[in-house]
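Examining the three-dimensional arrangement
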Amino acid sequence: MKLTMHLGANSYDIILKRGCLSNLYQFTDLAHRRVFILTDSGVPEQYAKTVLDQCANGAVFTIPQGEGSKCLKVYGDVLSAMLDFGMDRKDLLVAVGGGVVGDLGGFCAASYMRGISFVNCPTTTLAQIDSSIGGKTAIDLGSAKNIVGAFWQPSVVLIDPDTLATLPRRQFINGLAEAVKAGLIADPQLFDIFENGDIDAEIETIIYRSLLVKKKIVQADERENGARKALNFGHTIGHGIEAVKGVRGRRTNGLYHGECVALGMLPMIEDKSLQKRTRAVLRKLGLPVRTGVNKKKVLEYMRHDKKGAGSTITVIRVPGLGCWRADTIPVTELPALLGVEEE
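1. A short note on the environment of Leu-285
Note on placement: Leu-285 falls in helix H10 (residues 272-285). For the pair Leu-285 and Glu-195, spaced 90 residues apart in sequence, the C-alpha separation works out to 9.8 Å.

If you want it as structure tokens, here you go:
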């Protein structure tokens, strides 16, 4: 299957096909330029090697696995390696991995020599469903997630569902939270698959329908001035939970990004019947429905969220299945939103 992200001069194709990683050469020039392949230590080496074997002049650079690699130090390490490899403006960066590799690699491509070509080859459910398209690239700064970055669209995205076979089950399920989000805000049929379908048997349909939702929204609002805010559903609270209990840096026990987003969605569903159905879906998938975190710490992070503007913050609510609303609320309303009694 092929989708095209229509963004004028920044348009690109999204290829969803089993085995397509072995055919990257058909979609971009790997023969007449240097190709810098970025991956991480948690990605099976065979995936980066599959890309390397198609290159006339390629190099693989491996970063440590985990959110901790989305930092200034690793960002600098990657840029230095690109410079040592002799890359110039005609060359290409290929990200092979999950959301961390895609976010970091895209930002390196956006900033190296003021911008070079970038190909995204996501190998996790989370990246294939969501983060690999749309052009948001970023690194973290301290506990502030994705606070330093740029909009930089890839030249092509290759989504090979075969790569999901090597994912631990928890990581596979973690990524599905973003698909549940897509169903809740814009695709009742997608949500129905989670309620009544076979997740494993229908994974390609889930990926495809999730991509359709995000593609339509990004095409309408590439730089998040309006409609793209819908994609933040679950993330304002979710990022707060992730800051407090997420797996990052030296914290190896905790919640993954999709698990935090799942928890962040529930309080923002206004229809109590739909909230109950969503909770049942999350339980069915094995995603958490209770935070088990200090809500006051989550609240403190949310007050400094990048979606805030001084004394206000924008939150996304779902009044009913397949629709959403952006509300700008005073930060003084956050305690009530989280059910926190302030002293």
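So that's the structure; there's more coming.
2. Digging into the pattern of salt bridges
Applying the stated criterion across every chain, the model contains 22 salt bridges. Note that Lys-181 and Asp-130 form a salt bridge whose closest N and O atoms lie 3.7 Å from each other. Highlighted residues: Lys-181 in helix H5 (residues 169-186) and Asp-130 in helix H4 (residues 125-131), separated in sequence by 51 residues. When sorted by exposure, Lys-181 lands in the same class as Asp-130, which is buried. Shared partners join several salt bridges into a network, and the residues in it are Glu-67, Lys-70, Asp-103, Lys-145 and Glu-242.

3. Thoughts on the environment of Gly-76
For Gly-76, the position within the fold is in helix H2 (residues 72-84). We classify Gly-76 as partly exposed; its relative accessible area is 26%.

4. What to know about the nonpolar core
One finds Ile-14, Leu-176, Phe-194, Ile-206, Phe-233 and Leu-285 to be the most contacted residues of the largest nonpolar core, which totals 67 residues. Residue contributions to this core peak at nine residues, all from H5. With sequence-adjacent residues up to four places away left out, Phe-233 is seen in contact with Lys-181, Leu-184, Ile-185, Val-261, Met-265, Met-268, Ile-269, Ile-316 and Val-318. If you look at the next biggest cluster of nonpolar residues, it comprises 23 residues, including Val-74, Leu-93, Ala-109 and Tyr-112.

5. Observations concerning a nonpolar patch on the surface
A cluster of nonpolar side chains, Leu-72, Leu-141 and Ile-147, forms an exposed patch at the surface whose accessible area comes to about 260 Å². Turning to its location among the elements, Ile-147 is positioned in strand E8 (residues 144-151). Ile-147 gets classed as partly exposed once you look at its relative accessible area, which sits at 38%.

Cut-offs and rules
- Residues numbered from 1 in each chain as written.
- Predicted model: local features only at pLDDT ≥ 70, side-chain atom pairs only at ≥ 80, totals over all residues.
- Heavy atoms only, no water.
- Helix = DSSP H or I, 4+ residues; strand = E, 2+ residues; numbered from the N terminus.
- Salt bridge = Lys/Arg side-chain N within 4 Å of Asp/Glu carboxyl O.
- Buried < 20%, exposed > 50% of the residue type's maximum accessible area, 1.4 Å probe, protein only.
- Core = buried A, V, L, I, M, F, W, Y, C linked by side-chain atoms within 4.5 Å.
- Contact = heavy atoms within 4.5 Å.
- Patch = residues over 30% accessible without salt bridge, like charges linked within 9 Å, V, L, I, M, F, W, Y side chains within 5 Å.
- Areas by Shrake-Rupley, 256 points an atom, 1.4 Å probe, with all protein chains shown as cover.

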